[in-house]
Amino acid sequence: MKMHFCIPVSQQRPDALGGRYVLYSVYLDGYLFCRVRYSQLHRWNEQLRRVFGNSLPPFPPKYYLAMTASMADERRDQLEQYLQKVTMDPNMLRSDVFIDFLKLVQLVVSHKTGLCQELLGYFGLFLIRFRKEGKLSVMKKLADFELPYVSLRSAGMENCKVGLRKWYMDPSLDSMLMDCTAAVDLIHMQALQDIEQEWAKPTQAQRQKLEALQKEDNQTKFLELSQEVRHYGYLQLDPCTCDYPEPGCGAVLSVGNDEISCCITLPDNQTQEIIFQMSRVKCWKVTFLGTLLDVDGPQRTLNQNLELRFQYSEDSRWQWFVIYTKQAFLLSSCLKKMISEKTVKLAAENPEMQIEVPEQGKSKKCHIQQSQKDSSHFPPRKSKIEIAKADCVSGTIKEEDL
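Residues numbered from 1 in each chain as written. Predicted model: local features only at pLDDT ≥ 70, side-chain atom pairs only at ≥ 80, totals over all residues. Heavy atoms only, no water.

Engineer: Explanation requested: helix 8 (residues 219–226) in the structure shown.
Structural biologist: Two residues of an α-helix separated by three or four positions point the same way, owing to the 3.6 residues in each turn. Looking at helix 8, one finds that the buried residues are Gln219, Phe222, Leu223, Leu225 and Ser226. Down the axis of helix 8, the buried side of the element spans an arc of 160 degrees, and every buried residue falls inside it. The inward-facing, buried residues of helix 8 contact helix 6 (181–196) and helix 7 (204–215). (Buried < 20%, exposed > 50% of the residue type's maximum accessible area, 1.4 Å probe, protein only. Helix = DSSP H or I, 4+ residues; strand = E, 2+ residues; numbered from the N terminus. Arc of directions from axis to C-beta. Contact = heavy atoms within 4.5 Å.)

Following this line, the structure appears as C-alpha cells:
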C-alpha cells in the first residue's frame with residue numbers, strides 16, 4: 001500500500017565536537033514518524049542500491065563544504081522526493097532493508113497478540129484519540145513497520161492510545177475469522193464499541209435482539225445479526241466539511257462495504273444522505289493546504305489542513321467532490337483497501353484471474369486494469385519549527401553529518 005512521506009522541516013543541532021549537524025523530521029501520513037540525519041539516509045540508500053541497483057531514484061549528493069540555508073533547504077526537498085519515489089515501488093516496501101531501517105530509526109518495541117498467525121493481516125494497529133463524552137476518533141493506521149509506542153509518542157496528541165481494530169472494509173469477511181477464538185473476541189468487542197459510538201446504527205428491533213444475545217454471551221449469533229445492521233463494519237470519520245451540494249457544507253462520512261456514505265448538513269440545517277459507490281470512483285488525491293506547522297504550541301504534528309478530492313461518475317459525467325478533513329490519509333487508506341478487497345473478490349469469482357495483493361506480502365502477475373488510483377500533493381513548505389532535544393527518536397549518532 002502506498003505511503004505518504006514528507007520532510008517539511010529540518011533543524012540544526014550542535015554535535016559533541018563543537019560542529020553542527022542537521023536533523024530531518026520525517027512525517028508519515030501527516031504525523032511525525034522519526035528524525036534522521038543525512039548520513040543515516042545515505043547509508044540506507046547504499047544498502048538499498050546493493051539490492052535493487054539502478055532501479056532506485058537518484059540520492060541527493062554529499063556536500064563537502066559548509067551548507068548555506070538555501071542549500072540545506074534544497075537538500076531537504078531532494079530527500080523528500082527521494083522518499084516519495086522509493087515508496088512507490090511495492091518491492092522496496094516489502095524488502096527487509098526498507099523495513100529494518102525504518103524500525104531502527106524508531107527504536108525497538110515489541111507487540112504481541114493472541115491471534116492465529118495467518119489471521120494477523122485482518123487486523124491493524126491504529127492511533128485512536130479519546131474525546132469528551134466517551135467519543136473516539138481513529139486518527140491513522142500504523143504501517144506494518146511502525147513501532148506503536150514511538151509513533152504514539154511522536155504524534156504528540158493528548159488522550160491518544162494505540163488500539164487494535166480489524167482492517168478490512170467488507171463486513172462479510174468476518175466469516176474468515178470465526179474459527180479463531182481470539183479473532184471472534186476482537187471483532188465482537190469492536191462491534192459493541194461501534195454500536196455504542198453510534199457508528200453502526202441498529203434499528204430498535206435489532207438493538208433488542210442484540211442485547212438479548214449479549215446477555216446470553218452468544219458472540220457468534222451476535223456477529224451474524226450485526227451483519228444486518230446499517231453501517232456495521234464501517235469506519236466513521238470526525239465531522240468535516242465538503243463542497244457538495246455547495247461549498248462549506250458539514251459532513252459526517254462512514255466508509256465501508258464498497259461505499260462512502262455521507263450525512264451532509266445543508267446551510268439551512270437540513271440533512272441529506274448521499275452514498276458514493278466505489279465502482280463509480282475513478283481516482284482521488286490528497287493535498288496539503290496552506291501553512292502546515294504549529295509554531296508556538298506543544299503540538300508537533302503537521303497542521304492537518306488537508307483535502308481529499310475524488311472523481312465520481314454521476315449522470316454519465318465525471319465530476320470532482322472535495323472533502324476537507326484531518327483524516328484525509330486515513331480515508332485514502334480505506335478507499336485503497338476497498339479496491340483491494342473488491343479485486344480479490346473478483347479474482348475468487350474468476351479463477352483464471354491473477355492479481356497482486358501487496359498487503360499479504362505475496363506478489364503475483366496482475367491481469368486486471370484498475371481504473372481507480374490515488375495521489376498526494378506535497379507543496380513546498382517554508383515554515384520552521386523548534387523541536388526539543390528530548391523528542392529525537394533516532395538514537396545516538398556518531399558520524400559527522402555531510
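On we go from here.
Engineer: Would you mind going over the packing of aromatic side chains with me for this structure?
Structural biologist: The geometry of an aromatic ring pair is captured by two quantities: the separation of the ring centres and the angle between the planes. One pass over the structure, following the stated rule, counts 13 aromatic pairs. Taking 4.9 Å as the distance between ring centres and 90 degrees as the angle between the ring planes, the aromatic pair formed by Phe59 and Tyr82 counts as edge-to-face. Placement of the pair is Phe59 in the loop between helix 1 (38–52) and helix 2 (69–86) and Tyr82 in helix 2, with a sequence separation of 23 residues. A single burial state applies to Phe59 and to Tyr82, both of which are buried. The interplanar angle of 70 degrees and the centroid separation of 6.3 Å between the aromatic rings of Tyr244 and Phe276 together place this pair among those described as edge-to-face. With Tyr244 in the loop between strand 8 (240–242) and strand 9 (249–256) and Phe276 in strand 11 (residues 271–277), this pair connects stretches of sequence that are 32 residues apart. Each member of the aromatic cluster is reached from another via a ring pair, and the members are Tyr244, Phe276, Phe310, Tyr312 and Phe321. (Phe/Tyr/Trp six-rings, centres within 6.5 Å; stacked < 30°, edge-to-face > 60°.)

Engineer: I'm lost on the environment of Gln277 in this one. Help?
Structural biologist: Looking at the secondary structure, you find Gln277 in strand 11. When its relative accessible area of 31% is taken as the criterion, Gln277 is described as partly exposed. C-alpha of Gln277 to C-alpha of Ile260: the two residues are 17 residues apart in sequence and 6.5 Å apart in space.

Engineer: Can you walk me through the sheet that holds strand 5 (residues 136–141) in this structure?
Structural biologist: Whenever strands of a sheet pair, they do so through backbone hydrogen bonds, lying parallel or antiparallel. Overall, antiparallel pairing links the three strands, which are arranged 5-4-6 in an open sheet. Looking at which strands have only one partner, the edges of the open sheet turn out to be strand 5 and strand 6 (160–166). In this sheet, adjacent strand axes meet at a mean angle of 40 degrees when their direction is disregarded. Relative to strand 6, strand 4 (residues 123–130) runs antiparallel, the two being bridged by seven bridges. What sits directly across from Arg129, in strand 6, is Cys160. (Pairing = 2+ DSSP bridges. Axes fitted to C-alpha atoms, helices over the stretch in contact; angles between N-to-C directions.)

Engineer: When you look at the pattern of salt bridges in this model, what are you seeing that I'm missing?
Structural biologist: For the structure on display, the rule yields nine salt bridges. Its salt-bridge partner being Asp174, residue Lys166 comes within 3.3 Å of it at the nearest N-O pair. Classification of Lys166 by relative accessible area gives buried; the value is 7%. Residue classification places Asp174 among the buried residues on the basis of a relative accessible area of 2%. (Salt bridge = Lys/Arg side-chain N within 4 Å of Asp/Glu carboxyl O.)

Engineer: Quick question: what am I supposed to make of the nonpolar core here?
Structural biologist: In summary, soluble globular proteins display a tendency toward joint burial of nonpolar side chains. By size, the foremost hydrophobic cluster in this structure holds 43 residues, and its most contacted members are Leu253, Phe310 and Leu335. By residue number, the principal contributor to this core is helix 9 (residues 328–349), which donates eight residues. Beyond its immediate stretch of four places on either side in the chain, Leu335 contacts Val255, Ile260, Met278, Trp284 and Leu308. Within the second largest apolar cluster, 24 residues are counted, among which are Val26, Trp44, Phe59 and Phe98. (Core = buried A, V, L, I, M, F, W, Y, C linked by side-chain atoms within 4.5 Å.)

Engineer: Just checking my understanding: could you explain the side chain of Gln206 for this structure?
Structural biologist: Within the secondary structure, Gln206 is located in helix 7. With relative accessibility at 14%, the residue Gln206 sits in the buried group. Within the structure, the side chain of Gln206 is placed 2.9 Å from the backbone nitrogen of Thr203, a separation counted as a polar contact. (Polar contact = N/O pair within 3.5 Å; in protein donor to acceptor, adjacent residues only side chain to side chain.)

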